[in-house]
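Examining the three-dimensional arrangement
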Amino acid sequence: MRESTIMKIHYGTALAAVALVAVHILMRLTQGFAESLEYENVLANYKFIPYAAMLELILILLSVHGFNGLRVILLELKQGRIYEKAVSYGCLAAMIGLIAYGSRTIIMTNMGMV
Amino acid sequence: MSKDEHREGIKGMANPTRYGIERVAYWLMRLSGLGLLAYFVGHIYETSNILRGQVGWNEFLELTQTTEGHLVLAIVIAMCVFHTVNGIRVMLGHGGIGVGKPARPDYPYEPASQNYRHKIGIYSAILLAAIAMMYGLAVMFGE
Amino acid sequence: MAQVSSISNEQTSPTSKLITLRISRFNPEHDESSGFMEFSVSYEKWTTVLEAILDVKKHHDHSVGVRYSCRQATCGSCGMIINGKPRLACFTKISELNSDVVTVEPMNNFPIIRDLAVKFEKLFDTHQKIKPYLIRDDTEIESNEKEFLQSPEEVEQYIQFANCIKCGLCNSACPTMATDSSFVGPQALAQAYRYVADSRDKGKDSRLKIIDDSHGIWRCHFAGSCSQVCPKGVDPAMGIQLLRGYMLGFRS
């Protein structure tokens, strides 16, 4: 993938994440911070499909943005063919791993497998 | 990076002094990005405790809902706000917006790209981060 | 390696003052690490750092390695780190540094030849890489008009960036260049914009393709240090962002 395409994705995920994370934080604040963290309320949030879908989207957006940011920093710190490939594939693997792990929580909780 | 290249290295890259507020913003952006990624990974792990049922969730909540936990969260809020506001500034700059127009330079050659709009953007990001952090502390410790 | 020498100057005027000039000494062929030699130098309000270094060479240690030529900020030869910041030695007056100690070191991010002189091969390579010339299929000889006319507004679009003297100060100040040896650098990127913005040039696509790689234009994070040290008002940071504007679709 061309670097310009990757960076356009980087900017796009950032903008989308800002909007969705704002909704996520507002949900905490409107419910009252401590109450919103109570087990029943958290469970209810996960079971509400639009909210669970939003969490999944935030998970993907922030994982892509965060690990690409990490890739950029690591690429600038050290150079070399093997190192750069390891960084790029390593960040991609970490991104996929985190999305899979987070999705497992969202899907299982949403489906009532708790 | 070979030694004979005489590169400044991480120390030079991370040194926020010498080149004004823009270089400080560059450094804070990088630092806050890394901090937010670390928090994000931790947050994903933290929330996965819901799968352990009510007991597991409450056990983990007890670990994070402490004074130290609240302070960490307040720093995360500050990093999040700074990274967002400064990120929008940088993104606009990357598109060539607000960086000035090319013109014949005159001595003492003040760079048009380092203009007051961007400086205001940086100071606003820092100020908003501080306000958000204080609001976060008020919400977390007020309850 | 520290050494303090006072230069006896018979022509010292009553208005002259004294500073300590610390010169970084390093010969990669012999030395393990760099060290400083200190000299007490008299200066006037108008004395430049280059003049002080040449004073040292003339009166005390002729072996100090320094590159210079025009002494008027035109050739771009005498770039060095002066009191922690990249500057042209011929363009920096000692009096404006407001310090009793002036420390001169070779520019960062350039291999050292000896003392204050650094190698410029990498800078010239990256400069050449972005095709610093007009690209078009026709030539002046084949054209009926025999010249490519430009309006003053079209000239304004790039003339600022044509002031680059390739002194390398921008590359020395850049935070990405501090660690990334493969980065194209602000000098070459600003020159890419200089030609892309030239209405006579038709090589935009090929240049954008060259700089669109993992160590190209996207490794600039708009820290602006390059523009702050440019002695000719080129403002590379502006050129790079305007160039990126083409790639992001903000400019056509």
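Tallying secondary structure elements over chain B gives five helices and zero strands in all. A compact globule built from 143 residues should have a C-alpha radius of gyration of about 15 Å, whereas chain B, at 20 Å, is more than 25% larger. With respect to the three principal axes, the spread of C-alpha positions in chain B is 70 × 40 × 25 Å. Counting only residues that meet the buried cut, chain B has 36% of its 143 residues in that class. Summarising the internal contacts of chain B: among those between residues at least 6 apart in sequence, 73% fall at separations of at least 24.

It is common to report an interface's size as the accessible area lost on association of the parts. Contacts between chain B and chain C engage 33 residues on the former and 40 residues on the latter. The set of elements that each furnish at least two residues to the side of chain B that touches chain C consists of α1 (9-14), α2 (21-47) and α4 (67-94) of chain B. Residue contributions to the side of chain B that touches chain C peak at four residues, all from α1(B). For the side of chain B that touches chain C, a count of residues per class yields 14 nonpolar, eleven polar and eight charged.

The next thing to look at is helix α1 (residues 49-59) of chain C. Count 3.6 residues to each turn of an α-helix, and residues three or four apart come out pointing the same way. All names here are of chain C. Those residues of α1 that fall on the buried side of the exposure criterion are Val49, Leu50, Ala52, Ile53 and Val56. Buried residues of α1, viewed axially, fall in a sector of 165°; they line one side. Looking at the buried residues of α1, the elements they touch are β2 (17-25), β3 (35-43), β4 (79-82) and β6 (101-105).

In this section: the nonpolar core. When a protein is soluble and globular, its nonpolar side chains tend to lie buried together. Residues Ile53(C), Leu189(C) and Tyr193(C) are the most contacted members of the largest nonpolar core, which totals 111 residues. Ranked by residues supplied to this core, first place goes to α4(B) with eleven residues. Per-domain counts for this core show at least three residues from each of domain 1 (4-118) and domain 2 (121-247) of chain C. When near neighbours in sequence (up to four residues on either side) are disregarded, Leu189(C) contacts Val184(C), Ile211(C), Ile217(C), Cys220(C), Pro236(C), Gly239(C), Ile240(C) and Leu243(C).

Reading the values: rules and limits
- Residues numbered from 1 in each chain as written.
- Chains lettered and ligands numbered in written order.
- Predicted model: local features only at pLDDT ≥ 70, side-chain atom pairs only at ≥ 80, totals over all residues.
- Helix = DSSP H or I, 4+ residues; strand = E, 2+ residues; numbered from the N terminus.
- Rg over C-alpha atoms; globule rule 2.2 N^0.38 Å.
- Buried ≥ 20, exposed ≤ 12 C-beta atoms within 10 Å, placed from the backbone.
- Contact = placed C-beta atoms within 7 Å.
- Nonpolar A, V, L, I, M, F, W, Y, C, P; charged D, E, K, R; others polar.
- Arc of directions from axis to C-beta.
- Core = buried A, V, L, I, M, F, W, Y, C linked by C-beta atoms within 7 Å.
- Domains from an automatic or database assignment.

Purely geometric numbers; function is a separate question.
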